[in-house]
Amino acid sequence: QQAAAKKQQAQDAARQARHDAEDAKLGKVATQQQFTVTQNGRQRAAVAKLHAGQDGAAAALRFCERYDLLSKESLLEIATKLAANLASSKPDYKPSEDTVLKSAGAYRKRSKESSKDGEYDAAVRDLLRALQRKGLEDDVKAQMERGISDALRGCADPSFCPDR
């Protein structure tokens, strides 16, 4: 058990170093929000950062990957809270143009294409963006939430998502 714990600690440290390096490359933080996360049975404060050019979906996925919170519920909660925080603190903020599509249906279509290409992170981000649109019917929301779960399962195998 000690060997497994040490291996997990080494993996966590490597992941943290990778995310810290990514944070440095991403540059300026547009907004951030503190959350309480539970890891290895311990609760602690953690900060989700939304960098310039990102949207709530991208920032939520990065945060959830960092803290192993890859459930549709966690992703939706964090993406929604980051987007609301951004809207209230910087109402004129615009994410990079390649993330913005005209409708939930367009996000859903791009998500399906990404999944077919094995780009599960991109699929999750687009479904999160679609779910943040107003006026979606309950059955459409449920289908997109299942799509997030499916994409997360696709990413559970590191051979599908080598960037993990």
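Note that the coordinates shown come from a computational prediction; the quantities given were computed from them, not determined experimentally.

1. Some words on the overall build of the protein chain
At step 1: Regarding its fold elements, the protein chain presents six helices and two strands.
At step 2: Listing each helix as α and each strand as β along the protein chain from the N terminus yields α-β-β-α-α-α-α-α.
At step 3: Rg of the C-alpha trace for the protein chain: 16 Å, near the compact-globule value of 15 Å for 164 residues, within the 12% margin.
At step 4: Burial analysis of the protein chain (164 residues in total) assigns 37% to the buried set.
At step 5: Excluding contacts between residues fewer than 6 apart, the proportion of contacts in the protein chain whose partners are at least 24 apart in sequence is 55%.
At step 6: Per element, the accessible surface of the protein chain, about 9800 Å² overall, is 50% carbon and sulfur.
At step 7: The protein chain carries 29 positive and 24 negative side-chain charges, and their two centres are separated by 3 Å.

2. Digging into the confidence of the model for the protein chain
Where the model shows low pLDDT, its predicted coordinates should not be examined in detail.
At step 1: In the predicted model, the protein chain carries a mean pLDDT of 87, and the fraction of residues at 70 or more is 94%.
At step 2: Per-element confidence in the protein chain ranges from a low mean pLDDT of 82 for helix H1 (residues 2-26) to a high of 94 for helix H5 (residues 120-131).
At step 3: Ignoring residues within four places in sequence, the model shows residues 158-164, a span with pLDDT below 50, making 12 contacts including any to other chains.

Parameters at a glance
- Residues numbered from 1 in each chain as written.
- Predicted model: local features only at pLDDT ≥ 70, side-chain atom pairs only at ≥ 80, totals over all residues.
- Heavy atoms only, no water.
- Helix = DSSP H or I, 4+ residues; strand = E, 2+ residues; numbered from the N terminus.
- Rg over C-alpha atoms; globule rule 2.2 N^0.38 Å.
- Buried < 20%, exposed > 50% of the residue type's maximum accessible area, 1.4 Å probe, protein only.
- Contact = heavy atoms within 4.5 Å.
- Areas by Shrake-Rupley, 256 points an atom, 1.4 Å probe, with all protein chains shown as cover.
- Lys, Arg positive; Asp, Glu negative; His and termini not counted.
- Charge placed at Lys NZ, Arg CZ, Asp CG, Glu CD.
- pLDDT = per-residue confidence, 0-100.

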